[in-house]
Amino acid sequence: MSEGNMRLTLKVWRQSNSNTEGGFENYQLEGISPDMSFLEMFDVLNEQLVEAKQEPVAFDHDCREGICGMCSMHINGQPHGPLQGVTTCQLHMRSFKDGDTIVVEPWRAGSFPVIKDLVVARDAFDRIMAAGGFVSVNTGNAQDANNLPIPKEAADDAFAAAACIGCGACVAACKNASAMLFVSAKISQLALLPQGQAERKIRAEKMVAQMDSEGFGACTNTGACSAECPKGITFDNIARMNREYLGAKLSSTNV
Amino acid sequence: MIVMSWFTQTLTSSIGKKLIMALTGLFLISFLVIHAAINAMIFYNDGGETFSHWGHFMGTNPIIRTLEIGLVLGFLFHIYDGLMLTKTNRAARPVSYASRNANANSTWYSRSMGLLGTIILIFLVIHTSHFWIPNRTNQFATGEELDLYNMMLTTFQNPWVVLIYVAGCFSLFWHLLHGFKSAFQTLGLYHVKYNGLIAFLGTAFSIVVPLLFALMPIAMYLGWVK
Ligand code: FES
């Protein structure tokens, strides 16, 4: 980590647990390198806090290379900060200017309660996946994926939808805290492949029902989710989900 | 416990509520086409002859009068559904952000459909109390239609009324600019072959119809149409 000379003021949301009220704390940072990632800058802050015998800021992170979806900061009014197509761990301090004040908040959604500081519980997503975001293999092993011939275009579209890392930036960006981009990506990745056909209808019905019962909002088609998605999940996935869901409701045998 | 059938379950789901929003929205859009087309007859500038001819047809034809009930229902469903959606959507984010740069990811009017809709509703209350309500009341009481053309001429002498109408048209413009293509997205009608057409039609419609409406009070106020 190279030494740098950026000075920053951080306004960070601090909250000890989901039952307490939180609030903003201001921190001054010096010697920040423009080559640091945003999370590395937070490491510097936390070292400073530990040295001062204060509680470090809790934040989610794991891979730090943009693939796990754990990092989740709302930076200066945007999920994952000002750059498009990157996660917080892939955002670098060169995207900010010396002397900047940076406001950092957790994702805000009733379905994503704050656990501590910037960490939110995203298990609502897990429950939506458990409701139908899979292909059942009730006996034997899953066969080798390459046994099923799949046209390149279908594979590409399914792969583009499967690029979703479940970080929740779509929910964080949406004015309604809607999870429709996430759910639609998960429905799409299976609806586009032959393996997903058998459970196609029940999947759409169950995942949408779970999404609703988790308390996420509905879609106003503003497109904010897609614009802020670090993986560029496209907006047409939501149209596909609407088709899948309404079609399933009209034609499935689940009464 | 009330057992919900699959049908009510669908319509009360998040996507179902959006479906109602889209279908009623498109239905109201179809009404705008007729309304704008018939009112544009004033631009014949023939002392309201053509306009009154069609106005009489719309006001007395039994099929149109039946459809009018559907229209009122369409408005009511669109408004009620919008309120329900707003309620759940607001509840989905109990704590709001201290800092929000929403303009970086979406247009202000797509985020303000409720507000724009409310302004349109206020306008509609004023607008229907100018023409539709007095006319229907009179028809009900006496069986006679009012002379709507001359009512327009007098009403639009007041510059404040003209301003309110123009403001209503602006709200309609932005509401349609998002609503038109949004309805197709909700219906799942997103397709490489038609996206361009839908986007073009949506923008063109949002400009042409409100502009046509706005020109009516303006033209009468300025005496272009007598
Ligand atoms: S830490 Fe894994 S995506 Fe950011």
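Residues numbered from 1 in each chain as written. Chains lettered and ligands numbered in written order. Predicted model: local features only at pLDDT ≥ 70, side-chain atom pairs only at ≥ 80, totals over all residues. Heavy atoms only, no water.

- The name given to chain B in an unreviewed UniProt entry is Succinate dehydrogenase / fumarate reductase cytochrome b subunit, with Dyadobacter jejuensis as the source organism.

- Chain A is annotated in an unreviewed UniProt entry as Succinate dehydrogenase / fumarate reductase iron-sulfur subunit of Dyadobacter jejuensis.
- As stated in UniProt under Sequence similarities (unreviewed entry), the record for chain A gives "Belongs to the succinate dehydrogenase/fumarate reductase iron-sulfur protein family." (UniProt positions renumbered as here; feature names shortened; annotations may be inferred.)

A short note on the UniProt feature "transmembrane region" (unreviewed entry) in chain B
Part 1: UniProt marks residues 20-43, 63-80, 113-133, 160-177 and 197-224 of chain B with the feature "transmembrane region" (unreviewed entry), using the numbering shown here.
Part 2: For the annotated span residues 160-177 of chain B, helix accounts for 100% and strand for 0% of the residues, and the straight-line distance between the end C-alpha atoms is 26 Å. (Helix = DSSP H or I, 4+ residues; strand = E, 2+ residues; numbered from the N terminus.)

Topic: the interface of chain A and chain B
Part 1: Contact with chain A, which involves 49 residues of that partner, is made by 33 residues of chain B.
Part 2: Buried area between chain A and chain B, both sides added, is near 3,300 Å², and the carbon and sulfur share of it is 55%.
Part 3: For chain A, the biggest contributors to the area lost against chain B are A:Arg108, A:Asn221 and A:Lys249; these three give 17% of the whole.
Part 4: Inspection of the region where chain A meets chain B yields zero salt bridges.
Part 5: Our enumeration of links across chain A and chain B arrives at 28 residue pairs in polar contact (both at pLDDT 80 or more).
Part 6: Going through the elements one at a time, strand S5 (101-105), helix H4 (169-173), helix H6 (200-213), helix H7 (224-228) and helix H8 (236-251) of chain A are the ones with two or more residues in the side of chain A that touches chain B.
Part 7: When grouped by side-chain class, the residues that make up the side of chain A that touches chain B number 26 nonpolar, 15 polar and eight charged. (Contact = heavy atoms within 4.5 Å. Buried area = accessible area lost by both parts, 1.4 Å probe. Salt bridge = Lys/Arg side-chain N within 4 Å of Asp/Glu carboxyl O. Polar contact = N/O pair within 3.5 Å; in protein donor to acceptor, adjacent residues only side chain to side chain. Nonpolar A, V, L, I, M, F, W, Y, C, P; charged D, E, K, R; others polar.)

Notes on the packing of aromatic side chains
Part 1: Using the criterion set out here, one finds 21 aromatic pairs over all chains in the structure.
Part 2: Ring centres of A:Phe112 and A:Phe125 lie 5.2 Å apart, and the angle between their planes is 75°; on these two criteria the pair is classed as edge-to-face. Taken as a pair, A:Phe112 in the loop between S5 and strand S6 (114-116) and A:Phe125 in helix H2 (residues 123-132) lie far apart in primary sequence, 13 residues in all. Note on accessibility: A:Phe112 and A:Phe125 belong to one class, buried.
Part 3: Ring geometry for A:Phe125 versus A:Phe216: centroids 6.0 Å apart, planes at 40°, classification tilted. A residue pair is termed long-range when its members are at least 10 positions apart, and A:Phe125 in helix H2 and A:Phe216 in the loop between H6 and H7 qualify at 91 residues. Like A:Phe216, A:Phe125 is buried.
Part 4: By the ring-pair criterion, three or more aromatic residues cluster together here, those being B:Trp108, B:Tyr109, B:Phe170, B:Phe173 and B:Trp174.
Part 5: Sitting over the ring of A:Phe24, A:Lys11 keeps its end group 5.0 Å from the ring centre.
Part 6: Positioned above the aromatic ring of A:Trp13 is the side chain of A:Arg108, whose terminal nitrogen or guanidinium carbon lies 4.2 Å from the ring centre. (Phe/Tyr/Trp six-rings, centres within 6.5 Å; stacked < 30°, edge-to-face > 60°. Buried < 20%, exposed > 50% of the residue type's maximum accessible area, 1.4 Å probe, protein only. Lys NZ or Arg CZ within 6 Å of the ring centre and 35° of its normal.)

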